[in-house]
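Descriptive analysis of the structure
Residues per chain are reported as follows:
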Amino acid sequence: MTAPAPSHPHGLGALAVGALGVVYGDIGTSPLYTMRVAFGEFSGLRPTEANVLGVLSLIFWSLFVVVTLKYLVVILRADNRGEGGIMALLALVRRALRNRQRLLAILFPLAVIGTGLFFGDSVITPAISVLSAIEGLHEATPTLDPYVVPLTLVVLIVLFAIQSRGTGSVGRLFGPIMVLWFAVLAVLGIVEIAEQPQVLSAIDPRHAIRFAVAHHWHTFATLGAVMLAFTGGEALYADMGHFGRTPIRLAWFSLVMPSLILNYFGQGALLIGDPETVRNPFFLLSPDMLLYPMVALATVATIIASQAVISGAFSIYNQSVQLGYAPRARTEYTSGSQMGQIYISGVNWALLVAVIGLVLGFGSSDRLGAAYGLSVTGTMAVTTILAAGVAFGKWRWRASVVFAVFGGFLAIDLLFLGSNVMKISEGGWVPLTIGGLVFVLMTTWRTGRNELYKRLSAESMRLDTFLDTLRPESMQRVPGTAVYMARIGDAVPHALLHNLKHNRVLHERVVLLTVVNDDIPKVPDEERIEVTPLPKRFYRVVVHYGFMESPDIPLALARCAARGLDFDLMDTSFFLGRVTLVPAEQSRLSGWRRHLFFLLTRNALSATDFFRIPTNRVVELGAQIAL
């Protein structure tokens, strides 16, 4: 069942305006650098009229096929109860293909690869966007060139430094500012098109075909620049839960796509009229008197684009934690009304360090353009494959239809991906390195946790056997409630066995608490809690959370009253097991991976903080596990 679009007091139009800032910030700033990279010094492509019309035709039809057809028409249908994004899609695939384990075994690693590439995008987008905006100062006066990189670093450092304050108040300005941005893009383009109206003939796909025939393999390389026009396309799907598919589509067709096309064609008209403007066709569209205001507006627009992708990185990491692919991290909520507005300091500062390294290492947006493509096209290809799994498993499309539709989209994705593979030595290694690092970390964490749980399960006792062996004369029961964290299944928590072994007491009420992360974004309140009475005043409590929610155990226990189980936190003790890992003589984890897992475990957020349990009510019982 598809979730309804988010409601808004001002209706569909207000949601569409809001989507302009969050959803279209990245793709909306692509005109800053796309044409410059396509005809820049690294491309070797001269801005002749035939070449300009050919590149414009490639851009136009790429936007139409990739963004309009693939994402807006097809991919937006693959919503996980209204939510989108690669992790939401992974959860959807897990449900849709639960009986096809072999297929899932292939799709899971692909989803992790896509997640890693998304983090690569989260690093490159702020660097290339802000840098390309500040580079507009060169057109005002070349004497400012030495200050481009320092000013870019200042803007980026301030941007990351304010993340902990939240984006709620600033976010309200995103939409109106981007309305102005897209309006300016359209007006600048229209003015120049009026001077060279023949540029409109680039809508004819025959110009793209002639370009391909004339340039052969160079066309393949040119696609690496053309794909810069639809960077940020993944955000259309990832941010669906914030606005709904209808406002996103409305914003695209009514303002975003027309403005982008007009501006690209305006830049093409400028290049046809004066090939010397190839050094920066976007800013040279502006009259001299408006150059400084355009640099300022472009900088604000790129900050908005960067803000959207940084917030997305926080959300993706948080979802990865809930789905068991990443260590627990301290998550701060920056809004009292919007649960999705979060801040993760570790992710924030890691991104900043990487972004600064890119700006200092590459120094210009032209050079960064080569690094951008692999992360974007790789993520898009993974999304296509996962969505095909949903179409086959959930939508019940025939295999031939799935192959025809998604096979066609994947062929285009792979074409763009292949064009960027050629740029690995020029910077494409950056997203590959970031994505590879994230892939290793996530798979190591998941594999290590699975091995740890297997070891704990092998050394535990069945719950029914344990309850049968309890005798009143063998222990003392003390007043109060004891809560033990337990996994799904019949195993007795290690903390319970250790407490009984060393203290020989049980509380008068014992609760075995299990937290379950479901493959849905948010769990309805009526499905949150399960309470099952067990013999000898034991209770099993199961608390369900979605992958976009963070656990709050005290709040969950308070809701147990409606299920007949009252809690007084001042009379409740939480017994948690703290596991110390030591190397085993034989392990399924290789040496380096085992040491990495030990390091991740030591630095993961404690269960007390992650589950928001009051620290003065926690008793930790240690255990040493050889892994």
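Look up a bit, the structure's there.
Residues numbered from 1 in each chain as written. Predicted model: local features only at pLDDT ≥ 70, side-chain atom pairs only at ≥ 80, totals over all residues. Heavy atoms only, no water.

With that settled, the discussion passes to the pairing of strand S4 (residues 505–517). Counting buried positions along S4 yields 10 of 13 residues, so the element is predominantly enclosed. Here 8 bridges tie strand S3 (residues 476–485) to S4, and the two strands are oriented parallel to one another. In the strand pairing of S4, Val-483 is matched with Val-511. In the sheet, S4 pairs with strand S6 (residues 538–545) via 8 bridges, with the strands oriented parallel. Bridge pairing in S6 links Asn-517 to Tyr-545. (Buried < 20%, exposed > 50% of the residue type's maximum accessible area, 1.4 Å probe, protein only. Helix = DSSP H or I, 4+ residues; strand = E, 2+ residues; numbered from the N terminus. Pairing = 2+ DSSP bridges.)

Time to look at the nonpolar core. The biggest cluster of nonpolar side chains holds 171 residues, and the ones touching the most others in it are Tyr-24, Trp-181, Ile-248 and Trp-252. By size, the runner-up hydrophobic cluster in this structure holds 18 residues, among which are Leu-470, Tyr-484, Val-492 and Phe-538. (Core = buried A, V, L, I, M, F, W, Y, C linked by side-chain atoms within 4.5 Å.)

Bringing unusual backbone geometry into the picture now. Most peptide bonds adopt trans geometry, and most residues besides glycine take a negative phi value. A positive phi angle, close to 55 degrees, is found at Arg-504, a residue other than glycine. Within the element layout of this structure, Arg-504 appears in the loop between helix H22 (494–503) and S4. Exposure remark for Arg-504: the relative accessible area of 56% places this residue in the exposed category. With a phi angle near 60 degrees, Lys-536 is a residue other than glycine that sits in the positive phi range.

What follows concerns the pairing of strand S5 (residues 529–534). Pairing of S5 with S6 involves 6 bridges; the strand directions are antiparallel. Opposite Ile-529, over in S6, you have Val-543 as the bridge partner. Taking the residues between adjacent antiparallel strands as the criterion, S5 and S6 are bridged by 3 residues, where Lys-536 takes a positive phi near 60 degrees.

When the charged atoms of two side chains with opposite charge come close together, those side chains can pair. Inspection of the entire model under this criterion finds 13 salt bridges. The residue Arg-578 makes a salt bridge to Glu-620 at a minimum N-O spacing of 2.8 Å. With Arg-578 in strand S7 (residues 572–582) and Glu-620 in strand S8 (residues 618–626), the pair connects residues that are 42 residues apart, well separated along the chain. Take Glu-620: its relative accessible area is 39%, and that puts it in the partly exposed class. Several salt bridges share partner residues, and in doing so they unite Asp-525, Arg-528, Glu-549 and Arg-559 into one network. (Salt bridge = Lys/Arg side-chain N within 4 Å of Asp/Glu carboxyl O.)

Take the sheet that holds S5 next. Taking strand neighbours across the sheet as the criterion, the 6 strands line up as S5-S6-S4-S3-S7-S8 in an open arrangement whose pairing is mixed. The open sheet has two free edges, formed respectively by S5 and S8, since each of these has just one partner strand. Between one strand axis and the next, the sheet turns through 25 degrees on average, direction left out of account. Examined bridge by bridge, S7 and S8 share 9 bridges and lie parallel to one another. Bridge pairing in S8 places Leu-576 opposite Glu-620. Where helix H20 (residues 424–458) meets the sheet, its contacts fall on S7 and S8, and the angle it forms with S8 comes to roughly 95 degrees. (Axes fitted to C-alpha atoms, helices over the stretch in contact; angles between N-to-C directions. Contact = heavy atoms within 4.5 Å.)

Remember, this is a structural readout, not a statement about activity or role.
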